[in-house]
Amino acid sequence: MVVVGGGSLGTWNWKRIVGNMFPLLIVLSIIVLWAGITLEGAEEMLNQYAILAVMVPTMVDMGGNLGAILSSRLSTRFHLGTTELDPSDRVLWANVAAILALAATIFSALAVGAYGLGILIGSPLPLSQLLVISLVSGMSVAVIAVVFSFLATYGSYRLGIDPDDTTIPIVTNVVDVFGMVIFIGVSALVLGF
């Protein structure tokens, strides 16, 4: 176990956890309001293309989940002392590649599923457009999730805060905001809105 400052990163002290998390959650809650405002601003496009509204929760949720997976893996490696965030670390790059491959698979499946559902609910968009929207948005969100997973994990570790307490809220909230903005932006660009 890595010892930092006055104790271990793995210490289960509820006061320390709440002290670290509460201000962070307040700030993140305010930031996430931006995603809601962005979604409200795209109401006309989402009304016209209802299938996009169906894609929004999956897009945002999957991006956050990918970031959470990588953050968890990085935190575990820090706790075990098996990583220093060395750019030549092959295992680190293998984890990043796995996240990006998983993202490509998930967001391709999302486009195909949305296409089928769009036909059923009478809001069809061409599969090619849905693939472009889903893959460009999804892969962009995955890259953001990877970057913020590294930043949150390494930053927490360097500050002496247990990354297990901070990384998931940071990564999922940041991905929620950026995921929403990117998805709406790419959709508007592809559909000429």
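Everything numeric here is computed off the predicted structure, so don't read it as measured data.

Draft legend 1. A look at the overall build of the protein. When you go through the protein residue by residue, the secondary structure sums to six helices and two strands. Counting only residues that meet the buried cut, the protein has 42% of its 193 residues in that class. The contacts of the protein with a sequence gap of at least 6 include a subset with a gap of at least 24, amounting to 78%. Accessible surface, the protein: about 9800 Å² in total, of which carbon and sulfur atoms supply 69%. Each charge class in the protein can be summarised by its mean position, and for the 6 positive and 11 negative side chains these summaries are 16 Å apart.

Draft legend 2. Inspection of the nonpolar core at higher detail. Residues L52 and F183 are the most contacted members of the largest nonpolar core, which totals 44 residues. Elements with a minimum of two residues in this core: helix 1 (14–41), helix 2 (43–48), helix 3 (50–80), helix 4 (90–121), helix 5 (127–159) and helix 6 (163–191). Looking at this core, the element that brings in the most residues is helix 6, giving 10 residues.

Draft legend 3. Summary view of the packing of helix 3 against helix 4. For the pair helix 3 and helix 4, the least separation of the axes is 10 Å and the interaxial angle reads 165°. In terms of axis orientation, helix 3 runs roughly antiparallel to helix 4. The handedness of the crossing between helix 3 and helix 4 comes out as right-handed. Of the residues in the contact of helix 3 with helix 4, the class split is 20 nonpolar, four polar and two charged.

Draft legend 4. Geometry of the packing of helix 5 against helix 6. In the contact formed by helix 5 and helix 6, the axes pass within 8 Å of each other and the chain directions differ by 155°. Looking at the two axes, helix 5 sits roughly antiparallel to helix 6. In this structure, helix 5 crosses over helix 6, and the sense of that crossing is right-handed. Tallied by class, residues from the contact of helix 5 with helix 6 come to 20 nonpolar, 10 polar and no charged.

Draft legend 5. Spotlight on the environment of T105. Examined against the element boundaries, T105 turns out to sit in helix 4. For the pair formed by T105 and E44, sequence separation is 61 residues and the distance between their alpha carbons is 29 Å. Among the polar contacts listed, one links the side chain of T105 to the backbone oxygen of A101, at a separation of 3.0 Å.

Criteria and cut-off values
- Residues numbered from 1 in each chain as written.
- Predicted model: local features only at pLDDT ≥ 70, side-chain atom pairs only at ≥ 80, totals over all residues.
- Heavy atoms only, no water.
- Helix = DSSP H or I, 4+ residues; strand = E, 2+ residues; numbered from the N terminus.
- Buried < 20%, exposed > 50% of the residue type's maximum accessible area, 1.4 Å probe, protein only.
- Contact = heavy atoms within 4.5 Å.
- Areas by Shrake-Rupley, 256 points an atom, 1.4 Å probe, with all protein chains shown as cover.
- Lys, Arg positive; Asp, Glu negative; His and termini not counted.
- Charge placed at Lys NZ, Arg CZ, Asp CG, Glu CD.
- Core = buried A, V, L, I, M, F, W, Y, C linked by side-chain atoms within 4.5 Å.
- Axes fitted to C-alpha atoms, helices over the stretch in contact; angles between N-to-C directions.
- Parallel < 35°, antiparallel > 145°, perpendicular 65-115°, else oblique.
- Left-handed = near helix turned anticlockwise from the far one by under 90°.
- Nonpolar A, V, L, I, M, F, W, Y, C, P; charged D, E, K, R; others polar.
- Polar contact = N/O pair within 3.5 Å; in protein donor to acceptor, adjacent residues only side chain to side chain.

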